[in-house]
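Structural overview for review
Listed below, chain by chain, are the residues.
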Amino acid sequence: MTRLKIIAVCGFGVGSSLLLKMKVDEMLKKNGMTHNVETCDVGSATSIACDIIFTSNELAGKISERASVPVIAIGNFLDLDEIQDKGLDIIKNLMS
């Protein structure tokens, strides 16, 4: 099985990206997947080799302009349903 590298991005790569990482990990586990999820800051996001990026609505546009991978904009980092609804199908497509 293909292991994807996923990054969770916030402004400084510390606070909210860690929260988002934990929720993405939870979503993956719920769906029987184990992928690498890391955190990073917005300035480094497009220089890190990865398969998919999760970030806030506010940062998604800035990152999308420079990213060569899918960028998933999340409005509520605590909403597991939103993260799953927006990201799960894309993750499954990347694995196939």
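Look a little higher up for the structure.
A few points on the structure.

Reading the values: rules and limits
- Residues numbered from 1 in each chain as written.
- Predicted model: local features only at pLDDT ≥ 70, side-chain atom pairs only at ≥ 80, totals over all residues.
- Heavy atoms only, no water.
- Helix = DSSP H or I, 4+ residues; strand = E, 2+ residues; numbered from the N terminus.
- Rg over C-alpha atoms; globule rule 2.2 N^0.38 Å.
- Buried < 20%, exposed > 50% of the residue type's maximum accessible area, 1.4 Å probe, protein only.
- Contact = heavy atoms within 4.5 Å.
- Pairing = 2+ DSSP bridges.
- Axes fitted to C-alpha atoms, helices over the stretch in contact; angles between N-to-C directions.
- Right-handed = clockwise from strand over helix to strand, strands pointing away.
- Core = buried A, V, L, I, M, F, W, Y, C linked by side-chain atoms within 4.5 Å.

Moving on to the overall build of the chain. A tally of helices and strands in the chain yields 3 helices and 4 strands. In the chain, the succession of helices and strands from N to C terminus is β-α-β-β-α-β-α. In terms of overall dimensions, the chain is globule-like: its C-alpha atoms have a radius of gyration of 12 Å, near the 12 Å expected for 96 residues. Counting only residues that meet the buried cut, the chain has 41% of its 96 residues in that class. Considering only contacts within the chain whose residues lie at least 6 apart along the sequence, 60% involve residues at least 24 apart.

Quick look at the environment of V9 now. By the element assignment, V9 lies in strand β1 (residues 5-10). The spatial distance from the C-alpha of V9 to the C-alpha of K29 is 20 Å, given a sequence separation of 20 residues.

Now for the side chain of Q84. Note on placement: Q84 falls in helix α3 (residues 80-95). Look past the residues within four positions of Q84 in its chain and what remains in contact with it is M27, K30 and N31.

To continue, consider the sheet that holds strand β2 (residues 36-41). The strand order across the open sheet formed by 4 strands is β2-β1-β3-β4, and the pairing between neighbours is parallel. Each edge of the open sheet is held by one strand with a lone partner, namely β2 and β4 (71-74). Shown here is a sheet whose adjacent strand axes are inclined to one another by a mean of 25 degrees, direction ignored. Note that strand β3 (residues 52-56) and β4 share 4 bridges and pair parallel. Considered in β4, the bridge of S56 is made with I74. In this fold helix α2 (residues 57-66) packs onto β1, β3 and β4, with an angle of close to 140 degrees to the strand it touches most, β3. Strand contacts of α3: β1, β3 and β4, with the helix running at about 170 degrees to β4, the strand carrying the most contacts.

Turning next to the pairing of β4. On β4, burial follows the alternation: I72 and I74 on one face are buried, whereas V71 and A73 on the facing-out side are not. Between β3 and its parallel partner β4, the chain crosses via α2, and the hand of that crossover is right-handed.

For the rest of this paragraph, the subject is the nonpolar core. Judged by nonpolar contacts, the single largest core of 18 residues is most densely connected at I6, L20, V24, M27, L28, F54 and I91. Of all the secondary structure elements, the ones that give two or more residues to this core are β1, α1 (15-30), β3, β4 and α3. Leaving out residues up to four positions away in the same chain, M27 has contacts with F54, L80, I83, Q84, L88 and I91.

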